[in-house]
Amino acid sequence: QVQLVESGGGLVQPGGSLRLSCAVSGRIFSIYAMGWYCQALGKQRELVSRITRGGSTNYADSVKGRFTISRNNAKNTVYLQMNSLKPEDTAVYYCNVDLQVGLVDTRTEYWGQGTQVTVSS
């Protein structure tokens, strides 16, 4: 069984920073891409950022230059450093990982439970 545990969300003032973490545990053979999605109230879930096992990254245009994704493969953990936060960044942030639980198993996507980020004065 695979578990994704997110942490780091909260309430922050505009211009502030937060760092999200997502630790993956359980039966894991290999983790491929890891990423973060967000879902604001009344909107669809959308990609924020994604990072491959080799470290290649991509970002939504709205967060480029403000957010940085990174990962620690030894700890099976992905991070999202969020700087210069804006009220429009307010959303539930979900961790997403593409992994293989065994050598002969297919790759499967898993989701975290979500962590609330609220940017407000």
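So, here is what we can say about the structure in this document.

Rules behind the numbers
- Residues numbered from 1 in each chain as written.
- Predicted model: local features only at pLDDT ≥ 70, side-chain atom pairs only at ≥ 80, totals over all residues.
- Heavy atoms only, no water.
- 1 Å grid on protein atoms, 1.4 Å probe; cavity = no way out; pocket = protein on both sides within 12 Å on 5 of 7 lines; lining within 4 Å.
- Points joined across faces, edges and corners; volume = space filled by probe spheres on them.
- Helix = DSSP H or I, 4+ residues; strand = E, 2+ residues; numbered from the N terminus.
- Nonpolar A, V, L, I, M, F, W, Y, C, P; charged D, E, K, R; others polar.
- Phe/Tyr/Trp six-rings, centres within 6.5 Å; stacked < 30°, edge-to-face > 60°.
- Buried < 20%, exposed > 50% of the residue type's maximum accessible area, 1.4 Å probe, protein only.
- Lys NZ or Arg CZ within 6 Å of the ring centre and 35° of its normal.
- Core = buried A, V, L, I, M, F, W, Y, C linked by side-chain atoms within 4.5 Å.
- Pairing = 2+ DSSP bridges.
- Axes fitted to C-alpha atoms, helices over the stretch in contact; angles between N-to-C directions.

1. A few points about the layout of surface pockets
- Approximately 290 Å³ is the volume found for the largest pocket.
- Lining the largest pocket are 19 residues, with Cys38, Glu46, Ser62, Glu88 and Asp89 positioned closest to its centre.
- Residue assignment for the lining of the largest pocket shows that the elements contributing at least two residues are strand S4 (30-39), strand S5 (46-51) and strand S9 (91-100).
- Ranked by residue count, the leading element in the lining of the largest pocket is S5, at 3 residues.
- Along the lines of polarity and charge, the residues of the lining of the largest pocket split into 9 nonpolar, 4 polar and 6 charged.

2. Description of the packing of aromatic side chains
- Applying the stated criterion across every chain yields a total of 1 aromatic pair.
- Measuring from centroid to centroid gives 5.0 Å for tyrosine 37 and tryptophan 111, while their planes differ by 65°, and the two rings are edge-to-face. You can see tyrosine 37 sitting in strand S4 and its partner tryptophan 111 sitting in strand S10 (residues 108-111), a full 74 residues away along the chain.
- Owing to a relative accessible area of 18%, tyrosine 37 belongs among the buried residues under this scheme.
- A cation over a ring is seen here: arginine 45 above tyrosine 94, with NZ or CZ 3.6 Å from the ring centre.
- Cation over ring: arginine 45 sits above tryptophan 111, and NZ or CZ is 4.7 Å from the ring centre.

3. What to know about the nonpolar core
- Of all hydrophobic cores here, the largest spans 29 residues; its most connected members are Trp36, Leu80 and Tyr93.
- The element contributing the most residues to this core is S9, with 5 residues.

4. Topic: the sheet that holds strand S1 (residues 2-7)
- Strand order in the open sheet formed by 4 strands is S1-S3-S8-S7, with antiparallel pairing between adjacent strands. With one partner strand each, in any of the chains shown, S1 and strand S7 (67-72) form the two edges of the open sheet. Across the sheet, the mean angle from the axis of one strand to that of its neighbour is 15°, orientation sign disregarded.
- Looking at chain direction, strand S3 (residues 18-26) and strand S8 (residues 77-82) are connected through 6 bridges and run antiparallel. Its bridge partner being in S8, arginine 19 is matched across the sheet by glutamine 81.

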